[in-house]
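So the chains spell out like this:
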Amino acid sequence: MSGRPDGALDEFGEIGRLFLPLTRGAPGALGLLDDAALVASRSGHELVITKDAIVEGVHFLSGEDPALVGRRLAQVNLSDLAAKGAEPFAVFLAIAWPPAYGAAEREAFARGLGEDLREAGVSLLGGDTVGTPGPLTASLTAMGWVPEGGMVRRAGARPGDRLMVSGHIGDAWLGLAAARGGLADPDGSLTRRYRNPRARLDLAAVVRAHASAAADVSDGLIADAGHLATAGGVGLRIDLDHLPISSAARAWLNAQPAEAAARIALASGGDDYEIVATAPVALPGFTVIGEVVAGEGVSVFVGGARVDPGSGGWSHQ
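Being a predicted model, the structure only gives us computed values, none of them experimental.

What counts and how
- Residues numbered from 1 in each chain as written.
- Predicted model: local features only at pLDDT ≥ 70, side-chain atom pairs only at ≥ 80, totals over all residues.
- Heavy atoms only, no water.
- Axes fitted to C-alpha atoms, helices over the stretch in contact; angles between N-to-C directions.
- Helix = DSSP H or I, 4+ residues; strand = E, 2+ residues; numbered from the N terminus.
- Left-handed = near helix turned anticlockwise from the far one by under 90°.
- Contact = heavy atoms within 4.5 Å.
- Nonpolar A, V, L, I, M, F, W, Y, C, P; charged D, E, K, R; others polar.
- Phe/Tyr/Trp six-rings, centres within 6.5 Å; stacked < 30°, edge-to-face > 60°.
- Buried < 20%, exposed > 50% of the residue type's maximum accessible area, 1.4 Å probe, protein only.
- Lys NZ or Arg CZ within 6 Å of the ring centre and 35° of its normal.
- 1 Å grid on protein atoms, 1.4 Å probe; cavity = no way out; pocket = protein on both sides within 12 Å on 5 of 7 lines; lining within 4 Å.
- Points joined across faces, edges and corners; volume = space filled by probe spheres on them.
- Core = buried A, V, L, I, M, F, W, Y, C linked by side-chain atoms within 4.5 Å.

Draft legend 1. How the structure looks around the packing of helix α2 (residues 66–83) against helix α3 (residues 103–119). Look at α2 against α3: their axes get within 6 Å of each other, and the N-to-C directions meet at 35 degrees. Crossing hand, α2 versus α3: right-handed. Where α2 approaches α3, its residues P66, A67, V69, G70, R71, L73, A74, Q75 and L78 are matched on the opposing element by E105, A108, F109, R111, G112, L113, E115, D116 and L117. Here the contact of α2 with α3 is built from residues that sort into 10 nonpolar, 3 polar and 5 charged.

Draft legend 2. Inspection of the packing of aromatic side chains at higher detail. Scanning the model with the defined rule gives 4 aromatic pairs in all. With a centroid separation of 5.2 Å and an interplanar angle of 25 degrees, the aromatic rings of F89 and W145 are classed as stacked. Taken together, the residues span a long stretch of sequence, with F89 in strand β2 (residues 87–97) and W145 in strand β4 (residues 137–147) at a distance of 56 residues. Since its relative accessible area comes to 10%, W145 is described here as buried. Members of the aromatic cluster, connected to one another through ring pairs, are W97, Y101 and F109. Taking NZ or CZ as reference, R237 lies 3.8 Å from the ring centre of F301, over its face.

Draft legend 3. Region of the structure containing the layout of surface pockets. Considered as a void within the structure, the second largest pocket measures approximately 420 Å³ in volume. The wall of the second largest pocket is formed by 22 residues, among which I15, L32, D34, G126 and G127 lie closest to the centre. For the lining of the second largest pocket, the elements supplying multiple residues, two or more each, are α1 (11–19), β2 and β3 (123–131). Looking at which element gives the most residues to the lining of the second largest pocket, the answer is β3, with 6 residues. Across the lining of the second largest pocket, the residue classes break down as 13 nonpolar, 5 polar and 4 charged.

Draft legend 4. Geometry of the nonpolar core. Membership of the largest hydrophobic core comes to 38 residues, with the highest contact counts inside it found for F19, L93, F109 and L113. Where this core is concerned, the elements lending two or more residues are α1, β1 (45–55), α2, β2, α3, β3 and β4. Looking at this core, the element that brings in the most residues is α2, giving 6 residues. Residue contacts for F109: discarding those within four places in its chain leaves P66, A67, V69, G70, L73, L93, I95, W97 and A138.

See the structure below:
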């Protein structure tokens, strides 16, 4: 079932018009005419596979520009590959179109998705399109290459390693508040960080070469750092005084009555799509925010005092 709008192309016509260009001529896509794709092996490499889904009203605001929805879908999946140190090369798409997504909205979605996949050198190899009475739901299965044995796992951190994070943290959480009208955002920088995240593919090679463990920051920095601690059977000490924040986030922070609570909020908000990693030494493009210690659990400090971070991020349960 395609769930197509009245007068629109049938499912295969729509696939040919909207999504065939996204294959970029990859032979394994088989022209999107088959029920499967063909992935050739790459000597000396292993295939990293990840999958993330997004749902309207849950992972992005209802009524969002369909082109930005397509971009978001690409970036949240590419972010997982970046954190594994992988070189992305292909994706599979599954999408359920709601009635509100007519021909123009579908075209815009495909355009946004395609632009970000092309920028990353990624080809669409296949997938499925269906209709749904509910909200837009879309998922990518993303694949990337790493040299054999070279994938950076969540497990691997060792006591004495430094804990670090890329970019700025908290802008997307503030951007969501701004997009909902609850926060001033004069230059739109915060809103852009939420609505149009960018995977840190530029750091994938650094992560692959030097990190002992890594994850992307989607649920919240504290929570995602905690995943590294759990997977590695180690403890973490996080010093939020060293949290890397933008000038816009700094202005917000300076206006808050309780600095510790505000820093915890920035480090728990999620949707940053930066990379949190551990390594024996500081890595270029990263800010050191703590250290790996013996034991278990995550200890969070502000102003030298230990604080309770609560959940530290979002739960998928």
